[in-house]
Amino acid sequence: MDTTLDLVAWSATLLGAFAIAVAIGALRQPGIWGKMVDEIEASPALQLLCGFVELFIGAAIYLLNPWDSTDLLSMVMKSIGGLMMAEALVVMAISDLYFQTWLKNLAAMRRGWPIITLLIGIAVAAAGILRFT
């Protein structure tokens with residue numbers, strides 16, 4: 001198999017790299033996620049845009065990754081894509097409730113979620129990179 005065309009590896013590597021970068025940014029600037037959530041909560045246009053972007057990226061991840069019961073990474077990536085699409089639809093349908101409850105709690109953890117995000121990003125990126133070897 002040509003690993004340069006391994007879409008599971010590429011999507012895992014890129015999603016992991018994104019998570020790592022976001023986590024580093026949040027660790028460098030504590031409170032930035034809270035500010036971002038406040039800005040999105042205050043703007044219906046940003047809510048719609050964020051929902052659309054997450055829906056589009058989630059759909060791409062979902063569609064590019066096959067469900068292969070013998071391949072744990074492909075199942076994880078397909079699940080992540082599906083969860084992203086579901087969250088995007090929730091954001092677009094009931095963003096007022098979603099931002100007031102769930103995301104406010106996430107943003108309040110100034111160090112906890114960025115560290116968890118960093119660890120997940122490292123794991124996902126490493127799993128993707130290891131498929132290239």
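Shown above is the structure to which this text applies.
The model shown is predicted, which means the values in this text are computed figures rather than measured ones. (Residues numbered from 1 in each chain as written. Predicted model: local features only at pLDDT ≥ 70, side-chain atom pairs only at ≥ 80, totals over all residues. Heavy atoms only, no water.)

Trainee: Which parts of the structure should I look at to understand the environment of E54?
Mentor: Structurally, E54 is set in helix α3 (residues 44-64). Using a relative accessible area of 17% as the deciding quantity, one classes E54 as buried. Filtering out sequence-adjacent residues up to four positions away, E54 remains in contact with M84, E87 and A88. (Helix = DSSP H or I, 4+ residues; strand = E, 2+ residues; numbered from the N terminus. Buried < 20%, exposed > 50% of the residue type's maximum accessible area, 1.4 Å probe, protein only. Contact = heavy atoms within 4.5 Å.)

Trainee: I'm lost on the packing of aromatic side chains in this one. Help?
Mentor: Geometry of an aromatic ring pair is reported as the spacing of the ring centres plus the angle between the planes. Taken as a whole and assessed by the stated rule, the structure comprises two aromatic pairs. Summarising the aromatic geometry, the rings of W10 and F132 are spaced 5.0 Å apart at their centres and angled 65° between planes, so their arrangement reads as edge-to-face. Placement of the pair is W10 in helix α1 (residues 7-28) and F132 in the segment after α5 (112-130), with a sequence separation of 122 residues. The exposure class of W10 is partly exposed, given its relative accessible area of 39%. What makes F132 partly exposed here is its relative accessible area of 27%. Above the face of the Y62 ring, K78 is positioned so that its terminal group lies 4.0 Å from the ring centre. (Phe/Tyr/Trp six-rings, centres within 6.5 Å; stacked < 30°, edge-to-face > 60°. Lys NZ or Arg CZ within 6 Å of the ring centre and 35° of its normal.)

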